[in-house]
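# Summary of the model geometry
Next come the chains, spelled out residue by residue.
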Amino acid sequence: MQEPLPDGGTIRKLWIGETDAYRDHLLRLDRESRYRRFSGTLADEVIARHAATANGLGVVVHGFFVDGVLRGAAELRQNGSLFSHQAEAAFSIEQPWQSHGVGTGLLERTLLSARNRGIKSLRMDCLADNQRMQQLARKFDAEFSFDFGSVTGEVDPPRSTLLSLTREAIADNYGLASAIFEVQSRLLRPA
Ligand SMILES: CC(C)(COP(=O)(O)OP(=O)(O)OC[C@H]1O[C@@H](n2cnc3c(N)ncnc32)[C@H](O)[C@@H]1OP(=O)(O)O)[C@@H](O)C(=O)NCCC(=O)NCCS
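All of the points below concern the structure found in this document.

Criteria and cut-off values
- Residues numbered from 1 in each chain as written.
- Predicted model: local features only at pLDDT ≥ 70, side-chain atom pairs only at ≥ 80, totals over all residues.
- Heavy atoms only, no water.
- Helix = DSSP H or I, 4+ residues; strand = E, 2+ residues; numbered from the N terminus.
- Buried < 20%, exposed > 50% of the residue type's maximum accessible area, 1.4 Å probe, protein only.
- Contact = heavy atoms within 4.5 Å.
- Near = heavy atom within 4 Å.
- Polar contact = N/O pair within 3.5 Å; in protein donor to acceptor, adjacent residues only side chain to side chain.
- Areas by Shrake-Rupley, 256 points an atom, 1.4 Å probe, with all protein chains shown as cover.
- Patch = residues over 30% accessible without salt bridge, like charges linked within 9 Å, V, L, I, M, F, W, Y side chains within 5 Å.
- Salt bridge = Lys/Arg side-chain N within 4 Å of Asp/Glu carboxyl O.
- Pairing = 2+ DSSP bridges.

Per the secondary structure count, the protein chain includes six helices and seven strands. Reading the protein chain from its N terminus to its C terminus gives the helix and strand order β-α-α-α-β-β-β-α-β-α-β-β-α. The burial tally for the protein chain puts 45% of its 191 residues in the buried class. Put simply, of all contacts in the protein chain between residues at least 6 apart along the chain, 65% involve residues at least 24 apart.

Given below as C-alpha cells:
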C-alpha cells in the first residue's frame, strides 16, 4: 500500500494551462535541487521555456500538490514521435518535501504512464553522487535494470494491460475529484 503523502498532498497529472505552475515550481527549487534536476546550471529563462513545453504531445507531468500549490513534479517525455518506445523522466521536489516518499509516489505513477504508452526504455539521467535518486530508482529494480556506472537508468516496464490502463484512468479521476474538492474547500475556508 502506498504511504500517505506529506501535508495531505495529492499527486495528479498537470492539466493543459498549468505550465505556469510548473515553471513557478521549477524556479522555486533551491540551488542544489535545481542543479540536480537539470544536471547543470540553467538560467531562469531557459527553465521557463522548458516548462512551457510541458503540455506538448508525448509529455506527461505528474504533480505533487499541497494546498493547491505544485511542490513536486515528475516529467515523462517521449523521445521523438508519439509512437516512440523510448522516453526520459526527470524529477523535482521542493526541499521541504524531499525524503517524505513523494519521489516514490511520483515514480510509481510515471512508470504506470510509461507502461500504458508502450514505452520500453525509460532513461533517467542523474548526477553520479545523487544517492537519493539512485536509491529511489533501486526501489523499483524489479521493473528496472540499472547501470549507475554510467549514471543512467534503463527501464523496461512490462506491457500495458487492461488492469494498468484502468489503474491510470482511476488515478486520473481521483486526481480530478480531489482537485475539485480542494478548490471548494479553499472557497469555503474563512478568510
Ligand atoms: C531525488 C528526488 C526526486 C527523490 O525524491 P524524494 O521524495 O526525496 O525521495 P523519497 O522520499 O521517495 O525516497 C526514496 C528513497 O531514497 C532514499 N532516501 C531518502 N532520503 C534520503 C537521503 N536524505 N539520503 C539518501 N537516500 C535517501 C531512501 O532509500 C528512500 O526510500 P525509502 O524511504 O523507502 O527508504 C528528490 O529528492 C528531488 O527532487 N531532489 C532534487 C532534484 C533531483 O535530484 N532530481 C533527480 C534528477 S532528475
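Still more to cover.
Around the ligand, the structure places 21 residues, and the nearest of them are Ser-99, Gly-101, Gly-103, Thr-104 and Lys-139. One of the backbone nitrogen or oxygen atoms of Ile-93 is found 2.8 Å away from an oxygen atom of the ligand. Here an oxygen atom of the ligand sits 3.4 Å away from a polar atom, N or O, in the side chain of Arg-132. Protein contacts shield 75% of the accessible area of the ligand, which totals 930 Å² for the unbound molecule.

Turning next to the side chain of Arg-37. Here Arg-37 lies in helix α2 (residues 31-38). Dropping the residues within four chain positions of it, Arg-37 is found in contact with Tyr-22, Leu-26, Leu-29, His-50, Glu-75, Ala-90, Phe-91 and Ser-92.

What follows deals with unusual backbone geometry. For residues that are not glycine, phi is negative in most cases, and the peptide bond is trans in most cases. One non-glycine residue, Ser-39, lies in positive phi territory at about 50 degrees. Tracing the chain through its elements places Ser-39 in the loop between α2 and α3 (44-52). Not every positive phi belongs to a glycine, and Ser-99 is a case in point at roughly 65 degrees. Its place among the elements puts Ser-99 in the loop between β4 (86-93) and α4 (102-116).

On to a nonpolar patch on the surface. On the surface, Trp-15, Leu-176 and Ile-180 cluster together into a nonpolar patch covering about 280 Å² of accessible area. By the element assignment, Leu-176 lies in helix α6 (residues 162-188). Classification of Leu-176 by relative accessible area gives partly exposed; the value is 42%.

Among the ten residues of strand β3 (residues 69-78), eight are classified as buried, and the element is accordingly described as predominantly covered. Where strand β2 (residues 59-66) meets β3, eight bridges bridge the pair, whose relative direction is antiparallel. Of the residues in β3, the one forming a bridge with Val-60 is Leu-76. Taken together, β2 and the strand that follows it, β3, pair antiparallel across an intervening segment of two residues, in which Asp-67 is found at a positive phi of about 50 degrees.

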